[in-house]
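# Residue-level structural notes
Here is how the chains run, residue by residue.
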Amino acid sequence: MLLLSFIGMRRMSDILGKPSRPNCSVRCCDVNLADPQVVSIFLRAMKNDPFGEGHLIYIPAVTDSGLRVHDAFVSYMARAGLSTASQAPLIQGTRGSHGKKLSGTYYASWAVRFKALVSRFLPSAEGLSTKSLRRGGATYAHSIGIPADFIRAVGCWESEAFNLYIARAKPS
């Protein structure tokens, strides 16, 4: 989830769907791991996809930092007992500190988990939210010299809003 949001510059609702549209979450069958050089994922619905046509995104298998995205997906799916042939949601529900299953894959549950994770490891980062991953991905991409047009295309920004994020980053 975090990987998709950051490297893919995606909104959490693009991946998890929303309670009002539960069939829009990314399913295992939407992930293509056949090419070890790239992970392709079909997003069923996005905020800027009013007709619900979906959008295919591509994430490089290895980032410049050495993160092996393809291997991370393969490992996650194996550990979760998931197959790319399955209709199951890619991001499975989890259990909260109370031991009860959280409300499926809806983004509100994951937003709570994200906040808990951030506060555990970065107590001084109170202002971080799930949206920070999308912004951070765009900012990071710009800081390593990826052209603004490419960032805009990967993040599916239809407006110039992404410039607010990358303007703060200085290319290296």
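Keep in mind the model is a prediction, meaning the values are calculated, not measured.

### A word on the environment of Asp35
Its place among the elements puts Asp35 in the loop between strand S1 (31-32) and strand S2 (38-43). C-alpha of Asp35 to C-alpha of Ala61: the two residues are 26 residues apart in sequence and 8.7 Å apart in space. Within the structure, Asp35 has its side chain in polar contact with the backbone nitrogen of Gln37 (distance 2.8 Å).

### Structural notes on the confidence of the model for the protein chain
Put simply, the protein chain has an average pLDDT of 75, and 76% of its residues get 70 or more. When pLDDT is averaged over each helix and strand of the protein chain, the minimum, 71, is found for helix H4 (residues 107-121) and the maximum, 92, for S1. The low-confidence segment residues 94-105 (pLDDT under 50) makes 23 contacts with residues lying over four places distant or belonging to another chain.

### Focus: the sheet that holds strand S3 (residues 55-60)
A sheet is described by the order of its strands in space; here three strands give the open sequence S1-S2-S3, paired in antiparallel fashion. Looking at which strands have only one partner, the edges of the open sheet turn out to be S1 and S3. The pairing of S2 with S3 spans six bridges and is antiparallel. Note on S3: the bridge partner recorded for Val39 is Ile59. Strands in contact with helix H3 (residues 69-79) are S1, S2 and S3; relative to S2, the strand with the most contacts, it is inclined by about 60°.

### Observations concerning the packing of aromatic side chains
The full count for this structure, using the stated rule, is one aromatic pair. Plain terms: the ring middles of Trp157 and Phe162 are 5.8 Å apart, the flat faces sit at 35° to each other, and that makes the pair tilted. Owing to a relative accessible area of 8%, Trp157 belongs among the buried residues under this scheme. Since its relative accessible area comes to 2%, Phe162 is described here as buried. Positioned above the aromatic ring of Trp157, the side-chain terminus of Arg134 is 4.0 Å from the ring centre.

What counts, and where the lines are drawn
Residues numbered from 1 in each chain as written. Predicted model: local features only at pLDDT ≥ 70, side-chain atom pairs only at ≥ 80, totals over all residues. Heavy atoms only, no water. Helix = DSSP H or I, 4+ residues; strand = E, 2+ residues; numbered from the N terminus. Polar contact = N/O pair within 3.5 Å; in protein donor to acceptor, adjacent residues only side chain to side chain. pLDDT = per-residue confidence, 0-100. Contact = heavy atoms within 4.5 Å. Pairing = 2+ DSSP bridges. Axes fitted to C-alpha atoms, helices over the stretch in contact; angles between N-to-C directions. Phe/Tyr/Trp six-rings, centres within 6.5 Å; stacked < 30°, edge-to-face > 60°. Buried < 20%, exposed > 50% of the residue type's maximum accessible area, 1.4 Å probe, protein only. Lys NZ or Arg CZ within 6 Å of the ring centre and 35° of its normal.

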